[in-house]
Amino acid sequence: MNLTSRTITGICGIILGSVLTIIGIFTFVTLFYGIPMIIISFFILFNTKEDKIEQIKTRKVKK
């Protein structure tokens, strides 16, 4: 994921998770969806290891 899509996905997930958590104050069931969504969204937002591209190492065959 690049920076733009990671930021959009993370912020939308945090907002939706926050809304579900606020609704979860009144209906207990949505807490099971809201809290994990917030945690996963923070992980998506701050994960920068996926942006690094590893170089392919080629071996030369000796004849």
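Quantities reported herein were computed from a predicted structural model and do not represent experimental measurements.

**Q** Looking at this structure, how should I read the overall build of the chain?
**A** Summing up its helical and strand segments, the chain has two helices and zero strands in all. By its C-alpha atoms, the chain is 75 × 20 × 10 Å across when sized along the principal axes. Put simply, the chain has 63 residues, and 21% of those count as buried. Contacts spanning at least 24 positions in sequence make up 54% of the contacts within the chain whose residues lie at least 6 apart. Entry remark: accessible area of the chain is about 5800 Å², with carbon and sulfur atoms responsible for 72%.

**Q** Got a minute to help me understand the packing of aromatic side chains in this structure?
**A** Describing an aromatic ring pair means giving the distance of the ring centres and the angle of the ring planes. Within the structure shown, the criterion is met by two aromatic pairs. Aromatic pair Phe28 and Phe32: ring centres 5.4 Å apart, planes at 85 degrees, arrangement edge-to-face. With respect to class, Phe28 is no different from Phe32; both count as exposed. Measuring from ring centre to ring centre gives 6.1 Å for Phe42 and Phe46, while their planes differ by 5 degrees; the resulting arrangement is stacked. You can see Phe42 and its partner Phe46 sitting in helix α2 (residues 31–46), four residues apart, about one turn around the helix.

**Q** What am I meant to see in the side chain of Arg6 here?
**A** Mapping Arg6 onto the fold places it in helix α1 (residues 3–23). Given the relative accessible area of 7%, Arg6 is considered buried. A distance of 3.2 Å separates a polar atom in the side chain of Arg6 from the backbone oxygen of Asn47.

**Q** Hey, could you run me through α2 in this one?
**A** Spacing of three or four residues puts side chains on the same side of an α-helix, whose turn is 3.6 residues. In this model, α2 (16 residues) spans 23 Å end to end at C-alpha, consistent with the 22 Å of a helix rising 1.5 Å per residue. Looking only at α2, the buried set comprises Gly34, Ile38, Ser41 and Leu45. Here the buried residues of α2 occupy an arc of 70 degrees about the axis, which is enough to place them on one side. For α2, exposure combined with an orientation more than 90 degrees from the buried face picks out Phe32, Ile39, Ile40 and Phe43. Contacts from the buried residues of α2 go to α1.

Cut-offs used in this document
- Residues numbered from 1 in each chain as written.
- Predicted model: local features only at pLDDT ≥ 70, side-chain atom pairs only at ≥ 80, totals over all residues.
- Heavy atoms only, no water.
- Helix = DSSP H or I, 4+ residues; strand = E, 2+ residues; numbered from the N terminus.
- Buried < 20%, exposed > 50% of the residue type's maximum accessible area, 1.4 Å probe, protein only.
- Contact = heavy atoms within 4.5 Å.
- Areas by Shrake-Rupley, 256 points an atom, 1.4 Å probe, with all protein chains shown as cover.
- Phe/Tyr/Trp six-rings, centres within 6.5 Å; stacked < 30°, edge-to-face > 60°.
- Polar contact = N/O pair within 3.5 Å; in protein donor to acceptor, adjacent residues only side chain to side chain.
- Expected span 1.5 Å × (residues − 1).
- Arc of directions from axis to C-beta.

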